[in-house]
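Structural features, examined
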Amino acid sequence: MAVFASVVDFVSQNFLALVGIGLIYHFTRNYLTPGVSSVPGPFLAKLSNVWRLVDVARGRPEVTLHKLHQTHGDYVRLGPNVVSVRNPEVAKTIYGINKGYQKTSFYRVQQQLAKGKPTQTLFTTLDEDFHAAIKRPVSSAFSMSTLTEFEPFVDNIIHLLFSRLDEFAAGQKICDIGIWLQYYAFDVIGELTFSKTLGFLEQGKDIDGIIASLEKTLDYAGTIGQMPWLDYVFVKNPLKQLLQGGSTTAVARFARARMNERVSTTNEKKSTAAAPRDFLTRFTEAKSAYPDVVTDAQVFSYTISNMNAGSDTTAISLRAILYYTLKSPRVMRKLQQELQGALSAGSVTLPVSWKQSQELPYLDAVIKEALRLHPAVGLLLERIVPNGGLQLPRGPFLPAGTIVGINPWIIHRQQAIFGTDAESFVPERWLRGDGEEEDEFQARRQNMVRATLTFGAGPRTCIGKNISLLEIYKLIPSLFLTYDIELENPDAEWEIVNAWFVRQKNIDIRLRRRS
Ligand code: HEM
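Owing to the predicted nature of the structure, the values given are computational and were not obtained by experimental measurement.

Put simply, the largest pocket is a space of about 740 Å³. Lining the largest pocket are 32 residues, and of these V449, R450, T452, L453 and K465 sit closest to its centre. Mapped onto the lining of the largest pocket, the elements with two or more residues apiece are α6 (88-94), α21 (361-373), α23 (415-418), α24 (438-450) and α25 (465-482). The biggest single contributor to the lining of the largest pocket is α21, with five residues. Its residues assigned to classes, the lining of the largest pocket comprises 17 nonpolar, seven polar and eight charged.

Time to look at the coordination of the iron atom of the ligand. For the iron atom of the ligand, the protein contributes exactly one donor atom, C462 (SG), at 2.3 Å. Locating C462 in the fold gives a position in the loop between α24 and α25.

One open sheet accounts for three strands, arranged β6-β14-β11; its pairing is antiparallel. If you trace the sheet from one side to the other, it starts and ends with β6 (175-176) and β11 (483-487), each paired once. Across the face of the sheet, helix α9 (residues 144-170) comes into contact with β6, β11 and β14 (508-513) while running at roughly 95° to β14.

Time to look at the pattern of salt bridges. Summed over all chains, the structure comprises 31 salt bridges. A salt bridge links R503 to E215; the nearest nitrogen and oxygen atoms lie 3.7 Å apart. Taken together, the positions of R503 in strand β13 (residues 501-505) and E215 in helix α12 (residues 210-224) put the pair 288 residues apart, joining distant regions of the chain. Accessibility expressed as a relative area gives 18% for E215, which makes it buried. Here E215 ties to K505 by a salt bridge, and the two come within 3.9 Å at their closest N and O atoms. Residue E215 is found in helix α12, and its partner K505 is found in strand β13; the two are separated by 290 residues along the sequence. Salt bridges sharing common partners tie together E215, D219, R503 and K505.

Turning our attention to the confidence of the model for the protein. Per-residue confidence for the protein averages 92 on the pLDDT scale, and 97% of its residues sit at or above 70. Scored by ipTM, the complex comes to 0.98, with pTM at 0.94.

What follows covers the site of the ligand. In the vicinity of the ligand, 28 residues are found, and the nearest of them are Y107, H131, R383, R460 and C462. H131 places a side-chain nitrogen or oxygen 2.5 Å from an oxygen atom of the ligand. Among the elements that make up the shell around the ligand, the one with the highest residue count is helix α17 (residues 296-310) (four residues). Here the residues of the shell around the ligand are counted per class, giving 13 nonpolar, 12 polar and three charged.

This paragraph deals with the sheet that holds strand β7 (residues 383-384). Spatial ordering of the open sheet is given by β1-β2-β10-β7-β3, a layout of five strands whose pairing is mixed. Among the strands making up the open sheet, the edge pair consists of β1 (75-79) and β3 (102-103). In the sheet, strand β2 (residues 82-85) pairs with strand β10 (residues 403-405) via three bridges, with the strands oriented parallel. The residue of β10 that forms the bridge with S84 is G405.

Conventions and cut-offs
Residues numbered from 1 in each chain as written. Predicted model: local features only at pLDDT ≥ 70, side-chain atom pairs only at ≥ 80, totals over all residues. Heavy atoms only, no water. 1 Å grid on protein atoms, 1.4 Å probe; cavity = no way out; pocket = protein on both sides within 12 Å on 5 of 7 lines; lining within 4 Å. Points joined across faces, edges and corners; volume = space filled by probe spheres on them. Helix = DSSP H or I, 4+ residues; strand = E, 2+ residues; numbered from the N terminus. Nonpolar A, V, L, I, M, F, W, Y, C, P; charged D, E, K, R; others polar. Donors = N, O, S within 2.8 Å, 3.2 Å for Na, K, Ca; no water. Pairing = 2+ DSSP bridges. Contact = heavy atoms within 4.5 Å. Axes fitted to C-alpha atoms, helices over the stretch in contact; angles between N-to-C directions. Salt bridge = Lys/Arg side-chain N within 4 Å of Asp/Glu carboxyl O. Buried < 20%, exposed > 50% of the residue type's maximum accessible area, 1.4 Å probe, protein only. pLDDT = per-residue confidence, 0-100. Near = heavy atom within 4 Å. Polar contact = N/O pair within 3.5 Å; in protein donor to acceptor, adjacent residues only side chain to side chain.

Okay, structure coming up:
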């Protein structure tokens, strides 16, 4: 008892000194993390992950990282145990099939709560076996061959969008097109998944605050994901759940309501009409084919990952294509020439079909270039180095447990791959140049394609890529063929916030219906 009393006495008299010693020990250990300690980076980042949390919270971490790579080369230390990589050779390992690189707890923070429980989705699960098991039953629903079956759904939404844009054209009003593209992307995903739009285009507003809620979730997940244990303090805190009751996000509420509707409609119309083959139908079919894996909760999780992963990302990509094209009168002219030529020749109709859009090489180059310069995700696609470690080419050896990742924004600006004008919007880089031999062009193009991470890579690559390409390749030519569009302030820049997804704001345009 006397010993205990004197320990308490000692601690209370020297509390500050002890905390100081503890912190010095903690920071020194962080600084000297084996392997990682020889990777260059900001001094404070070597001491604590607080550095990267603050950097993300400030809203433009991809700008900071680009500068750091310009100074330090292919490898930059972003935290005591975190390395950002710019070298495409390493991408094959980090994102390779069967290489054992798992997603980090950064993704766990994105597991949203439904009735207070984190929902593991295709996007957010860290467990690779679970991931493979839940991907198998639904991957065919996302395949290229299923794509055309979804085309009429997208056509409906394009018509709806244009009916709203006509109001701006007729009234000669300024249109914040970024918002309308977001409504389009959300309504398409709602229509494809549930045969029901979220009603954004019809009502011209963010119904039930779904967009705002998703934005808030991303702001939180991007920042807190830099120090994922904080999530157990702020959101997934069992005490908080107990006191507040299980919370459910707006997206989860929307998905739950649509699933309940479907169950009751199916019961009512059991033997009459066949349900439309939207994603929900396909996910429900997977339940019969894979009863051990696909439960009702899993069907719910598939729909949630569609909504969360597929709406903002597509809206961001559409905004980038439109903005960069409108900012470059030269590109705009060339694109209009190609589109008008195709329309006059009768090789495209309105809305432009997927098949028709694939015969427009300049359109393809414009889209590829915008998605290169402004990929929708703007933080590291983090993975954990597995047992055996990772020998970085012309760099240090990283032990198992190190967090590594590539940020698409950084690799897409590699001059060695994309050219000395990699910072500029030049769609021509995706086309064969004057005097360039075909095999030279193919090799150059292949290099660029291999270094493109807009949709990620490997076993965790984007499952919805074809869907988003369908939405993009149909809407962009249809939009430019239907309207003359110009920026309200051609010299003004848009506003960007990078909170994992790199959102843009303030793209004011004026439109006129083309005759
Ligand atoms: C232009 C639009 C899109 C972009 C830029 C995009 C980007 C990405 C990226 C970069 C990843 C990999 C993330 C990582 O490795 O950390 C990913 C995964 C994923 N995306 Fe997309 N995405 C888009 C559209 C969609 C759509 C429309 C859907 C659904 C309908 C979707 C569903 C998913 C899912 C479920 C995953 C996780 C896949 C897995 O781990 O197996 N995405 N996406």
